[in-house]
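Next come the chains, spelled out residue by residue.
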Amino acid sequence: MSADTNLMPIPGQIDPVPVARPTTVRDDGRIELIGRPREAIRAALEDAGLDPRVAKLRAKQIFHWVYNRGVTDFALMTDIAKAQQPWMAERFVITRPEVVEAQVSTDGTRKWLLRTHDGHDYEMVFIPDADRGTLCVSSQVGCTLNCRFCHTGTMRLVRNLEPAEIVGQVMLARDALGEWPSAPEGRMLTNIVMMGMGEPLYNFDHVRDALKIVMDGDGLGLSKRRITLSTSGVVPMMARAGEEIGVNLAVSLHAVTKEVRDEIVPINRKYGIDELLAACAAYPGANNARRITFEYVMLKDKNDSDAEARELVRLIRHYDLPAKVNLIPFNPWPGATYECSTPERIRSFSNIIFQGGISAPVRTPRGRDIDAACGQLKTASEKKSRAELDRLADEKQAALEAE
Ligand code: SAH
Ligand code: SF4
């Protein structure tokens, strides 16, 4: 582990989560500008000696070049004085996450294995459709939680990703798709889902800061209506997510009884179904035009009975939730102890929810052949035996219960 990854707790965080020390200064002493809002670019320029008025103007110009145009070279910033460009290049850098491997599935889904500058691997996935495309973005390397059906859950949390590493995923996808400058129309990268590795609400500040840049009209320019944040149910952070980020909310519900959800989504032992659904009902900005998505993974003989579908309808009605349900066929991974429900079972489950007046489409698995589908993301850094996996799950559980 390198010196800049000394873990320290985030003050004021709901649950303690390791975070890397700020690593914006490179080995050569230059400062990374990616991940910084205008104000932080201005402060960095001023610290480097620019006159405050000039720093303010330059920050606005650089912000535009970096996030709207995708430029990584100061020499291309034509409205910045030629004489000042080398001065900037000596002090600052504009980089992208390092790509270790890029794969393409037979269905066109693309997966990138990325590496942080301190040597940790994480993944992002792009899912193209006919006239749109969704980028699935990671928020952490690994995950503190251990939902039993999720491959990422078998990893320890290595660390939170920094804003630069989160925004960097979107910028890299734009590079790969050739979609600079940030045009409002006609692009392939139209939607973002925070559904890659990790629990975004356990890395709240960085996810918020990164998404603010993604949503900035002079930045990456994606509307908050096209961004969805998925949480396993970190109830105390949900209201802040609505107020401070304001994107669409998806909730990994996956079960309708305490018994089953405690087992498959263990954070339920801390924040139960009723608390979670009450937080959904109070989610700022949710209404019939902007529904909350409930994700429900279909696990054979575990959570897929007709009675459970009826209970799901009852719960959604009881809390008067503007909701839709997304049924996700379980995606297998080596060592997983579950099987996917049969297509007939999934259809029956979906029909019951539809008949309850709630939309319940079945998500088509994408990119399974390259392990890019929901819940298959896990970087190869740690390969573990079944016994080790069980031990790790017990450890994570004990930590959750000790809080
Ligand atoms: N940590 C966040 C977001 C990442 S996971 C969360 O849990 O919501 C994105 C979605 O994929 C979640 O709903 C998750 O429960 C689901 N998922 C995880 N493993 C899966 C698997 N093996 N098959 C299908 N869906 C899975
Ligand atoms: Fe973490 Fe989400 Fe996977 Fe659960 S489903 S282990 S919260 S990434």
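Anyway, here's the lowdown on the structure attached to this text. All of these numbers come straight from a predicted model, not from anything done at the bench.

## Observations regarding the overall build of the protein
On a plain count of helices and strands, the protein comes out with 11 helices and 15 strands. For the protein, whose C-alpha radius of gyration is 22 Å, the value lies close to the compact-globule estimate of 22 Å for 403 residues. With the C-alpha coordinates of the protein rotated into their principal frame, the extents come out at 70 × 45 × 40 Å. Among the 403 residues that make up the protein, the fraction classed as buried is 54%. Counting only contacts in the protein whose residues sit at least 6 apart along the sequence, the fraction spanning at least 24 positions is 67%. On the protein, roughly 17,200 Å² of surface is accessible, and the fraction owed to carbon and sulfur atoms is 52%. Averaging the coordinates of the 52 positive side-chain charges in the protein and doing the same for the 55 negative ones gives two points 4 Å apart.

## Some words on the site of ligand 1
Close contacts around ligand 1 come from 21 residues, with Phe149, Gly198, Ser230, Ser252 and His254 the closest. Between Ser230 and ligand 1, the recorded distance is 2.6 Å, taken from a side-chain N or O atom to an oxygen atom. Here a nitrogen atom of ligand 1 sits 3.3 Å away from a polar atom, N or O, in the main chain of Cys374. Bound to the protein, ligand 1 loses 95% of the 530 Å² it would expose on its own. Contributions of two or more residues to the shell around ligand 1 are made by strand 12 (227-231), strand 14 (292-298) and strand 15 (323-329). Broken down by class, the residue content of the shell around ligand 1 amounts to 10 nonpolar, 9 polar and 2 charged.

## Quick look at the pattern of salt bridges
This structure, assessed with the given rule, holds 23 salt bridges. Across the salt bridge formed by Arg42 and Glu39, the nearest N and O atoms sit 2.5 Å from each other. One end of the pair, Arg42, and the other, Glu39, are both in helix 1 (residues 38-47), 3 residues apart, so they sit about a helical turn from each other. Look at Arg42 and you get buried, because its relative accessible area is 19%. Using a relative accessible area of 48% as the deciding quantity, one classes Glu39 as partly exposed. Asp205 is paired through a salt bridge with Arg208; the nearest N and O atoms lie 3.7 Å apart. Taken together, the positions of Asp205 and Arg208, both in helix 5 (residues 204-215) and 3 residues apart, correspond to about one turn of that helix. Take Asp205: its relative accessible area is 30%, and that puts it in the partly exposed class. Take Arg208: its relative accessible area is 15%, and that puts it in the buried class. A single network of salt bridges, built from pairs that share partners, joins Asp205, Arg208, Asp209, Arg240 and Glu244.

## Overview of the sheet that holds strand 8 (residues 133-136)
One open sheet accounts for 9 strands, arranged 5-6-7-8-11-12-13-14-15; its pairing is mixed. Each edge of the open sheet is held by one strand with a lone partner, namely strand 5 (98-104) and strand 15. Direction aside, neighbouring strands of the sheet carry axes that sit 20° apart on average. Across 3 bridges, strand 13 (residues 248-252) lies against strand 14 in parallel orientation. Pairing of Ala250 across the sheet is with Thr293, part of strand 14. Sheet strands in contact with helix 5 are strand 11 (191-194) and strand 12, and its direction is about 165° off that of strand 12.

## Focus on the nonpolar core
Judged by nonpolar contacts, the single largest core of 112 residues is most densely connected at Ile62, Phe149, Phe294 and Ile353. Looking at which domains feed residues into this core, each of domain 1 (2-93) and domain 2 (98-382) supplies at least three. Apart from the residues lying within four places of it in its own chain, the contact partners of Phe149 are His254, Ile264, Val265, Val297, Leu299, Phe330, Trp333 and Tyr338.

## Some words on the pairing of strand 8
Here strand 8 shows a buried face lined by Gly133 and Leu135 and a second buried face lined by Thr134 and Cys136. Direction of pairing for strand 7 (residues 121-128) relative to strand 8: antiparallel, over a ladder of 4 bridges. By the bridge assignment for strand 8, Phe126 is matched with Leu135. Between the end of strand 7 and the start of strand 8, which pair antiparallel, lie 4 residues.

## Regarding empty space enclosed by the protein
Applying the stated criterion across every chain, the model contains 1 cavity of 30 Å³ or more. Lining the largest cavity are Val247, Asn248, Leu249, Tyr283, Pro284, Gly285, Ala286, Arg290, Arg291 and Ile292. For the lining of the largest cavity, the residue count by class is 6 nonpolar, 2 polar and 2 charged.

What counts, and at which threshold
Residues numbered from 1 in each chain as written. Chains lettered and ligands numbered in written order. Predicted model: local features only at pLDDT ≥ 70, side-chain atom pairs only at ≥ 80, totals over all residues. Heavy atoms only, no water. Helix = DSSP H or I, 4+ residues; strand = E, 2+ residues; numbered from the N terminus. Rg over C-alpha atoms; globule rule 2.2 N^0.38 Å. Buried < 20%, exposed > 50% of the residue type's maximum accessible area, 1.4 Å probe, protein only. Contact = heavy atoms within 4.5 Å. Areas by Shrake-Rupley, 256 points an atom, 1.4 Å probe, with all protein chains shown as cover. Lys, Arg positive; Asp, Glu negative; His and termini not counted. Charge placed at Lys NZ, Arg CZ, Asp CG, Glu CD. Near = heavy atom within 4 Å. Polar contact = N/O pair within 3.5 Å; in protein donor to acceptor, adjacent residues only side chain to side chain. Nonpolar A, V, L, I, M, F, W, Y, C, P; charged D, E, K, R; others polar. Salt bridge = Lys/Arg side-chain N within 4 Å of Asp/Glu carboxyl O. Pairing = 2+ DSSP bridges. Axes fitted to C-alpha atoms, helices over the stretch in contact; angles between N-to-C directions. Core = buried A, V, L, I, M, F, W, Y, C linked by side-chain atoms within 4.5 Å. Domains from an automatic or database assignment. 1 Å grid on protein atoms, 1.4 Å probe; cavity = no way out; pocket = protein on both sides within 12 Å on 5 of 7 lines; lining within 4 Å. Points joined across faces, edges and corners; volume = space filled by probe spheres on them.

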